[in-house]
Amino acid sequence: MQLLFKIAPIFSLALVNFLPWTLAQAQAPSQTCQTLLNNERSYVNWYPVTPLPETVATDAVARQLSELEAIATSPSSLDLAIQENLILWLTEKPDPGPPDTGRAARMDLLLKVLPNSQKPQLIALIDQLALRIEKLPSLSLRAEMTGKLAGYYQRLQGNDRAALLLNRGIALALKSTDEQSAVQLTKLVDAVVELGLSKAIAPQLPKIETVLNRSTPTLSLARLYADNNQSQKALLLADRIAKATPTTQVISSDLITLYLQLNRLDKANFYLKRVSPDYDDAPYGRLVAAYDRAKQPKEADKLFKAGFDSWRRAFYNVNFLNSYLKAGGNPDRLFTGLPTFEGVGAIDLRLNYALRAAGEYRRRNQPQKVTNAIAEFVQAVAPENVNIDSILMAAISDGNRLEAKTAFEQLLARNAFTKIEPPINFAAQINALDNIAPFVQRLSKNPERRIELLQSLAIAYAKQQQLDKAVSIAEKIPRRSPEYSSAIDTLAQVAAVFAKSGQPTKAKIVFAKASSLASTVKGFDTRAIAYAAIARAYTTANDTASAQTARQTAVKWASSLPTDDNLGVTAKYTLSLISQQFLDANQVEAAWKTLQEISPYGYKDINISNLVSTALALGNLPIAQQAIDLQYSNGTPESFLDQAPQLAKAYLDRNRSEEALKILDLAANLLNNQNNKYPTYVMPIVQLYAKAGRIDAARQVIAKLPNPIPTNDASWRQELQQYVNCHQKTYS
């Protein structure tokens, strides 16, 4: 029997934090308790407060914009949680190599998929976020987040809006009497210099100078002086910083870059031996570029190669290279003099950086080098596993659309798309779908992948409002099985595109084609799956009535299947599968209604966990509650004990303690009847009882633990007791 498949939640759903401290901390004084309570408030998962509308829940971009709006309008009681969320949204965590894999800022990921039509909406949300950031209790974090936000303003609207935000932040910091205002001001000035906006805040420089000169000398102020043609002040401050840095410490690469900016090559070379690329990838990239500009090729050569000083850096050098190019580094270095690693050979940067280099050459008015760089890229695109679509789309984001288009045309002329996947998204961007359509239709080495590419091509044509071509390609999609054609799903998605673009007549025509094709499917299970696909598309098109009709048709055919598990494909299995497909599309209400069509006796074999997780992620606590109730009545104790705390925490995060306690009471009673009380079940119940103020109930759960505890690490009983003690103080 195949059950509901396990899926990842669409949001980073914050679950119960299992004892976020050690025993040694637990035995520390009350200050540690305050640290624990603050940490818990930082991980409140309050969003979404109410169920997301289907138009938002089913659209990835809309969900992200909705979350940003919730952050911008959140109350001050959520300050600590907002801080944690803003760090994820605005701050990239560079990848230092295994085991830590790094993390891109969520805002960067959003910008990659944000349609131009929704950019005004995002800018308006950033306006709101800027005001919300000003309310954060931490001045240091407030300044850091303001700087990050200014960077996104710069990318979306240019320098003026970014400079306005930073000037406002600086003005507020200058008025502040808080002893941390100098730290706040320093971080704002850091952002100003990093974004190249030093001249935009020149009128405030005298006041900035007065405040920062009272504190420890800062490199950001020295860089600000240099950018505003106050070289003598910049040099004096740079010397103070260099002398104040102990000889055993690494010196910032930006300090050496500053000396080069001030034409003091002697001082730069003197301190250069105390610089290390391991400490600051991006500033180190700027340093190499500065030696290039200073016409010191030998030193620049040596530094550039040091940027690849280990096996790890051979694969994690993005920040170094990006900052090198952004600072005006010589693109020639991407093709010559690269280091060699045993077992790998010379590092090949052509795929990811040749188009960047071509763009830099164009801006430097070096047309022959532009041609050469594009040729290097085309030559590198030989392996069949290259994802050229993402590379070309990234080139557009980098401002190198012309170079990407030229490379695409050369690849097309060389018939390269018979070996590598045609770049459908990029072709749509430059109105070249007709050029790659023949290649997509002939791609046959991987039948499943061919189906996916044809679906993408049909939808791309639909987005360009080319109805006949979209339908023609959809109808030619091969069958995934003798019984079912993926053309049905594709036609439905094409119809949804036309519906969302305001062309209901065309949408109706294509939906009718999909329904007609579905009615000819012979197998009841595959016919049910076909109508479910149409139902999902109707929901995407915001036609709830038609979606419900199609879903009911799917249920009718699925229910016509045998109920005996020994007779092949059953009604229970098909309904479970359809329910999961609705969940995959974040259509949780349709998933829940479909699951309810299963006979009660069949629930014991069904995994309801995915429904609970997705409902929580979409803020639909009523459905999550009904699913938990179903799990309690028909599922295993383990499945209920695993997920009940998640719903209880969601209630607590929304200040709905009474509902949370009802679930915890059920979980505690069920736990008491289990022979093996595993820590993973005990800990969240005790913690959530304590957070809800039910200290007595938390202690009762601990008291009923077996003695000795059946685990190799018995310290967690004592840790739980200390955890409860900390929360007791807040209610005493």
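Residues numbered from 1 in each chain as written. Predicted model: local features only at pLDDT ≥ 70, side-chain atom pairs only at ≥ 80, totals over all residues. Heavy atoms only, no water.

**A short note on the overall build of the protein chain**
Cut-off, in case you're wondering: Secondary structure is summarised from DSSP: a helix means a run of H or I of at least four residues, a strand means a run of E of at least two, and numbering begins at the N terminus for each. Per-residue accessibility, obtained with a 1.4 Å probe over protein chains only, is compared with the maximum for each type, and a residue is labelled buried under 20%, exposed over 50%, and partly exposed between these values. It only takes one pair of heavy atoms within 4.5 Å for two residues to be counted as in contact. Note that accessible areas follow from Shrake-Rupley with a 1.4 Å probe, and for residues the cover is restricted to the protein chains shown.
A count of helices and strands for the protein chain gives 40 helices and 2 strands. Looking at the protein chain as a whole, 51% of its 732 residues are labelled buried. Pairs at least 24 apart in sequence give 63% of the contacts found in the protein chain among residues at least 6 apart. Here the protein chain displays about 33,800 Å² of accessible surface, and carbon together with sulfur accounts for 51% of that area.

**Comments concerning the packing of helix α7 (residues 119–133) against helix α8 (residues 139–157)**
Quick reminder of the rule: In this analysis an axis means a line fitted to C-alpha atoms, helices contributing only their contacting stretch, and an angle means the value between N-to-C directions, from 0 to 180 degrees. Any angle between 65 and 115 degrees counts as roughly perpendicular, while under 35 counts as roughly parallel, over 145 as roughly antiparallel, and the rest as oblique. By the definition used in this description, the sense in which the near helix is turned from the far one sets the handedness, with an anticlockwise turn below a right angle giving left-handed and a clockwise turn giving right-handed. In this count, Pro and Cys sit with the nonpolar residues alongside Ala, Val, Leu, Ile, Met, Phe, Trp and Tyr, while Asp, Glu, Lys and Arg are called charged and the others, Gly among them, polar.
At a closest axis distance of 10 Å, the pairing of α7 and α8 adopts a crossing angle of 160°. The orientation of α7 with respect to α8, classified from their angle, is roughly antiparallel. In the packing of α7 onto α8, the handedness of the crossing is left-handed. Across the interface between the two elements, Lys119, Leu122, Ile123, Ile126, Asp127, Leu129, Ala130 and Ile133 from α7 touch Arg142, Met145, Thr146, Leu149, Tyr152, Tyr153, Leu156 and Gln157 from α8. Of the residues that constitute the contact of α7 with α8, the class distribution is 11 nonpolar, 2 polar and 3 charged.

**Thoughts on the packing of aromatic side chains**
How two aromatic rings sit relative to each other is given by the distance of their centres and the angle of their planes. In plain terms, the rule: When two rings of Phe, Tyr or Trp (its six-membered ring) have centres within 6.5 Å they constitute a pair, described as stacked for plane angles under 30 degrees, edge-to-face for angles over 60, and tilted for the intermediate range.
Taken as a whole, this structure holds 12 aromatic pairs when the rule is applied. Measuring from ring centre to ring centre gives 6.0 Å for Tyr259 and Tyr271, while their planes differ by 5°; the resulting arrangement is stacked. Of this pair, Tyr259 sits in helix α14 (residues 253–261) while Tyr271 sits in helix α15 (residues 265–272), placing them 12 residues apart in sequence. Each member of the pair, Tyr259 together with Tyr271, is buried.

**Points about the state of the cysteines**
Applied cut-off: Cysteine sulfur atoms are paired as a disulfide whenever they come within 2.5 Å of each other.
Going through the model one piece at a time under the given rule, you end up with 1 disulfide. Each sulfur in the disulfide pair Cys33 and Cys726 lies 2.0 Å from the other. Classification of the bridge connecting Cys33 and Cys726 rests on its S-S torsion, roughly -70°, and on that basis the disulfide is left-handed. Taken together, the positions of Cys33 in helix α2 (residues 30–42) and Cys726 in helix α40 (residues 715–731) put the pair 693 residues apart, joining distant regions of the chain. Each member of the pair, Cys33 together with Cys726, is buried.

**Notes on helix α36 (residues 637–653)**
For an α-helix, the turn length of 3.6 residues means that residues three or four places apart are oriented alike. Note the following rule: By this rule the span expected of a helix is its residue count minus one, scaled by 1.5 Å. To get the bend at a residue, fit one axis to the 7 residues ending there and another to the 7 starting there, then take the angle between the axes.
Taking 1.5 Å of rise per residue, the 17 residues of α36 would be expected to cover 24 Å, and the 25 Å separating its terminal C-alpha atoms lies within 8% of that figure. The largest bend along α36 measures about 25° and falls at Gln643, with the proline Pro645 one to four residues further on. Of all 17 residues that make up α36, 14 are buried, and the element is covered over most of its length. At the exit of α36 stands Asn655, carrying a positive phi of roughly 60°.

**Overview of the side chain of Gln204**
Positionally, Gln204 belongs in the loop between α10 (181–194) and α11 (205–212). Excluding its chain neighbours within four sequence positions, the residues that come into contact with Gln204 are Asn167, Ile170, Ala171 and Leu174.

**Let's talk about the packing of helix α26 (residues 447–463) against helix α27 (residues 467–475)**
Running from N to C, α26 and α27 point in directions that differ by 165°, and their axes come no closer than 7 Å. By the angle class used here, α26 and α27 are roughly antiparallel. The two elements α26 and α27 meet at a crossing, and its hand is left-handed. Between α26, through Leu454, Leu457, Ala458, Tyr461 and Ala462, and α27, the contact on the second element is made entirely by Lys469, Ala470, Ile473 and Ala474. Classifying every residue of the contact of α26 with α27 gives 8 nonpolar, no polar and 1 charged.

**Considering the pattern of salt bridges**
Stated precisely, the cut-off is as follows: In the sections that follow, a salt bridge refers to a side-chain nitrogen of Lys or Arg positioned within 4 Å of a carboxyl oxygen of Asp or Glu.
Per the counting criterion, the structure on display carries 29 salt bridges. Glu67 is the salt-bridge partner of Arg106, the closest N and O atoms lying 3.4 Å from each other. Here Glu67 lies in helix α4 (residues 60–72) and Arg106 lies in helix α6 (residues 106–113), a separation of 39 residues in the sequence. The pair Arg106 / Glu67 is uniform in exposure class, with both members buried. The residue Asp292 makes a salt bridge to Arg333 at a minimum N-O spacing of 2.8 Å. With a gap of 41 residues between them, Asp292 in helix α16 (residues 281–293) and Arg333 in the loop between α19 (318–326) and β1 (340–341) connect regions that are remote in the sequence. Comparing Asp292 with Arg333, the two get one shared label, buried.

**Points about the nonpolar core**
Applied cut-off: Throughout, nonpolar core names a set of buried Ala, Val, Leu, Ile, Met, Phe, Trp, Tyr and Cys residues whose side chains join them through atoms within 4.5 Å.
Ranked by internal contacts, the top residues of the largest apolar core, which has 241 residues, are Leu122, Phe377, Phe408, Ile534 and Leu611. Non-local contacts of Phe408, meaning those with residues more than four positions away in its chain, are made with Leu392, Phe417, Pro423, Phe426, Ala427, Ile430, Ala432 and Ile436.

**Observations regarding the environment of Tyr284**
With respect to the secondary-structure elements, Tyr284 resides in helix α16. Put simply, Tyr284 and Leu303 are 19 residues apart on the chain and 8.5 Å apart in space, counted from C-alpha to C-alpha.

**Side note on unusual backbone geometry**
The linkage connecting Tyr47 with the following residue, Pro48, adopts the cis geometry, with an omega of -5°. Within the fold, Pro48 resides in the loop between α2 and α3 (54–57). For Gln465, which is not glycine, the phi dihedral falls at a positive 65°. Looking at the element boundaries, Gln465 is found in the loop between α26 and α27. Even without being glycine, Asn586 reaches a positive phi, approximately 60°. Mapped onto the elements of the fold, Asn586 is located in the loop between α32 (571–584) and α33 (588–595).

**Details of the environment of Asp108**
Selection criterion: Within 3.5 Å is the distance limit for a polar contact, defined as a pair of N or O atoms, with the added protein rule that one can donate a hydrogen and the other accept it, and that residues adjacent in sequence qualify only through two side-chain atoms.
Note that Asp108 resides in helix α6. Looking at Asp108, the relative accessible area reads 19%, which means it is buried. Leave out the neighbours within four places in its chain, and Asp108 touches Tyr152 and Arg155. Engagement of the side chain of Asp108 in a polar contact is seen with the side chain of Arg155, the distance being 2.5 Å.

**Quick look at the environment of Leu260**
Relative to the elements of secondary structure, Leu260 occurs in helix α14. Residues Leu260 and Ala294, spaced 34 residues apart in sequence, show a C-alpha to C-alpha distance of 7.0 Å.

**A look at α26**
For α26, with 17 residues, the first-to-last C-alpha span of 25 Å sits near the 24 Å given by 1.5 Å per residue. Among all positions of α26, only Ile451, Leu453, Leu454, Gln455, Leu457, Ala458, Ile459, Ala460, Tyr461 and Ala462 are buried. Those residues of α26 that are buried lie in contact with α24 (424–429), α25 (433–442), α27 and α28 (487–500).

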